[in-house]
Amino acid sequence: MGITLASDVGGTFTDVVLAGTDGRVHVAKTLTTPADPTEGLLRGVEQVLAASGTPPRAVDRFVHATTLATNVILERTGVPVAFVTTRGFRSMLALGRRARVEEERYDLAFEPPEPPVPLTHTFAVPERIAANGAVLQPLDEDAAARVADDIASLGVSAVAICLLHSYLNPVHENRLADIITARLPQGTPVVTSSSVWPELGEYERATTTLMSAYVGPVMAAYLRRLGGRLRALGVTAPVHVMESAGGVLPAALAAARAVYTIESGPAAGVIAAARQGARRGLADLISFDMGGTTAKAGLVRGGRPGITHEFQVGGKGSFGGRRPGTGVPIKVPAIDLAEVGSGGGSIAWVDAGTLRVGPRSAGADPGPACYGRGGTLPTVTDADLVLGHLDPGGFGEFRLSPDLARAAIAEHVARPLGVGVVEAAAAIHDIANAQMGAAIHVVTVRRGIDPRGFTLVALGGAAPTHVVRLAERFGIGRVLVPPQAGVGSAVGLLYADLAIERARTFLAPVSTLVSCSASRDTLGELASVLADLERAARADLETGEPGTVVRSLGMRFIGQAHAFTVELPSGPVTPEVVQGATDEFYKRYHESYGIELRDPVEVTTARVRVVLPSGSVTSTHTARHGPPSDGTRPVWLDGAFRDVPVHPRDGCAPGTELPGPCLVTEPQCSLLIPPGWRGTVDRDGALLLEGGTT
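Residues numbered from 1 in each chain as written. Predicted model: local features only at pLDDT ≥ 70, side-chain atom pairs only at ≥ 80, totals over all residues. Heavy atoms only, no water.

This paragraph deals with the overall build of the protein. When helices and strands are tallied, the protein shows 17 helices and 35 strands. For 694 residues, the compact-globule estimate of 2.2 N^0.38 gives 26 Å, and the protein sits close to it at 26 Å. Dimensions of the protein, computed from C-alpha atoms along their principal axes, come out at roughly 80 × 55 × 55 Å. Here the protein holds 694 residues, and 56% of them are scored as buried. Considering only residue pairs separated by 6 or more positions, the protein has 68% of its internal contacts joining residues 24 or more positions apart. Surface summary for the protein: the accessible area is close to 27,100 Å², and the carbon and sulfur share equals 52%. Put simply, the protein has 62 plus and 70 minus side-chain charges, and the middle of one group is 1 Å from the middle of the other. (Helix = DSSP H or I, 4+ residues; strand = E, 2+ residues; numbered from the N terminus. Rg over C-alpha atoms; globule rule 2.2 N^0.38 Å. Buried < 20%, exposed > 50% of the residue type's maximum accessible area, 1.4 Å probe, protein only. Contact = heavy atoms within 4.5 Å. Areas by Shrake-Rupley, 256 points an atom, 1.4 Å probe, with all protein chains shown as cover. Lys, Arg positive; Asp, Glu negative; His and termini not counted. Charge placed at Lys NZ, Arg CZ, Asp CG, Glu CD.)

Once that is clear, we can look at the packing of aromatic side chains. Here the distance between the centres and the angle between the planes together describe a pair of aromatic rings. Applying the stated criterion to the full structure yields 12 aromatic pairs. Taking 4.7 Å as the distance between ring centres and 85° as the angle between the ring planes, the aromatic pair formed by Phe557 and Tyr589 counts as edge-to-face. Of the two residues, Phe557 sits in strand 26 (residues 548–557) while Tyr589 sits in helix 17 (residues 575–593), which places them 32 residues apart along the sequence. Take Phe557 and Tyr589: they sit in the same class, and that class is buried. Ring geometry for Phe585 and Tyr589: centres 6.1 Å apart, planes at 45°, overall tilted. Here Phe585 pairs with Tyr589, and both are found in helix 17, just 4 residues apart, close to one helical turn. One aromatic cluster in this structure is built from Phe557, Phe564, Phe585, Tyr586, Tyr589 and Tyr593. (Phe/Tyr/Trp six-rings, centres within 6.5 Å; stacked < 30°, edge-to-face > 60°.)

This part covers the sheet that holds strand 33 (residues 669–673). Judged by pairing direction, the sheet is mixed, and its 4 strands sit side by side in the order 29-30-32-33 without closing on themselves. Among the strands making up the open sheet, the edge pair consists of strand 29 (632–637) and strand 33. The sheet shows a mean angle of 35° between the axes of neighbouring strands, taken without regard to direction. Sheet topology places strand 29 next to strand 30 (residues 640–648); 6 bridges connect them, and they run antiparallel. Within the sheet, the bridge partner assigned to Val635 lies in strand 30 and is Arg642. Along the sheet, helix 13 (residues 463–473) contacts strand 29 and strand 33; its crossing angle with strand 33, the most-contacted strand, is approximately 25°. (Pairing = 2+ DSSP bridges. Axes fitted to C-alpha atoms, helices over the stretch in contact; angles between N-to-C directions.)

The subject of this paragraph is the nonpolar core. Counting residues in hydrophobic clusters, the biggest one holds 123 residues, and the most contacted among them are Leu5, Phe83, Met555 and Phe585. Tallying contributions element by element places helix 7 (residues 202–233) first for this core, with 13 residues. Each residue touching Phe585, except ones within four places of it in the same chain, is listed here: Met555, Arg556, Phe557, Phe564, Val566 and Val601. In this structure, Phe13, Ala348, Ala424 and Phe474 belong to the second largest nonpolar core, which totals 66 residues. (Core = buried A, V, L, I, M, F, W, Y, C linked by side-chain atoms within 4.5 Å.)

What follows is about helix 7. Between its terminal C-alpha atoms helix 7 stretches 45 Å, which fits the 46 Å expected from 32 residues at 1.5 Å a residue. The axis of helix 7 is deflected most strongly, by about 35°, at Val215, and proline Pro217 appears within four residues downstream. Note on helix 7: the residue one or two positions beyond its end, Gly234, has a positive phi of about 105°. (Expected span 1.5 Å × (residues − 1). Bend = angle between axes of the 7 residues up to and from the residue.)

Listed below in structure tokens is the structure:
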């Protein structure tokens, strides 16, 4: 692969990196421009092109991660959509599934949120497909035509269709889509559930299809605008967009399947952690990605990130988890993450004598008080600056003002609590650590996983400042801070592979697949479904390259609702292969729930993921030219200020040992190594810290 550009647009900062053919990485961190994210992005692109001396037309690939899909859903800024379902199920979205958590449990005036589509935009047609795929009632085409006319009169920008059991037989959905399309302006998206995610579970399938229609036109317009602005700059490389499961999609496919990009940015961070760990022989990792608005944790076991096939957008819950029924359920593959509203820009405030931090964020505009851009409310970044953890030189674009940070903390936290400014800043820092620790708790302890044998990987501009203290909270004795950690998610994009996953419901008891007398026909059907899914995935990617094919099955105990996804080995699907998958299912169930069961199991879903390696060159160690030390700075440690050495990262040559306490600074982040820890710089410029309990 030649020259790759990658950009991650976050809530506060937009990170841009460029990897040349020699593997060297050039970095820019600019403030996000919420009104038009392409403004900040293009500014970063211009900076890295200039810094590397790269002509725009020499760029071979542009990879992008964006929170656009998530923001559209949370802020309800998508296009007007109509929804069509089977007669008798028109109220499905209005009824939904609701769970009241945290303070909502005690709210006597609680009102459930409005459905994603009002009943005035929800329609039903007479038809019925049976649970085995047979047609029970043919589609009433006259009624469908009347519904299409009603939808046309509304002037909607997209239509979502989800008919009962269409995942087994899409004939009615396809015909209904044709009838509606014929009555709408040319180019109006009409999205069917059987094309988006053909799995059982009509409500989740409906919300996934609806959100795809709701977000798709916004995403398409954004990507067209981004592509046009890149071409105007001279960058003519194809645009790829990170999808939620850690691969990338061509821009056209990302626009058509916008729902696949909801966890775009967070996924890139976990991919970066897995890549960095693999280069150092570390297979069990906890990715900790702390930006300006949120902190996210993800688990990598055996070198592979955990994948979920259902998650909540805008969900609520305790300690970083998202409870089903509190947000919009989405059934597409996504890297399994826990997220909390604590980032560098999280606002500290006093509520009835109690100090709180987040989830409100100062964002990029106006940003923390210390940015000097008009913000007056104290944030975690302000607290870290007052405590001496951050370099007043800032994050590349501007200097940070300790005086403004002190003033904000004094007015809004210290005075209301009756404490000093430094004590207030320390309390903000500690509360932020506790809240961010909740995300790590969700992906490890809550799932029965002991985090002490894992390596904690720091990514994001704020993560290195907090990561070691978080490791201490969980008894983790090893921390990895990769090169360019402050733009870690963007670096992860450089190496993301082109990938797509296809799935289809396939219901069959395992006994019918492993029994010698009954397995041949059912096994042949399963093999045929897997082959069809592989062909469809390759058609999505428009490639004839072999790539890597990963096949898996959704499996559950008969009578239960929730399934595990178990990977299949390559080669023919035989009774022995299915039995091996069943044994793995039993093992996974025991690990997750602590219950040893051998009850009958059934297959629920066939899945195929096709992956084409990116071919990006692995980044190389950059020669160090800076001074090995930058004097000392007073830093608040364990209840008092101490003068600690400050080491510019540019001056830390491979093999350098850095005993704590000390600070390691670079333009995008600042690493605190506390007492009892020791850092070593490896040949690629990564810092491996060891200490704590080891």
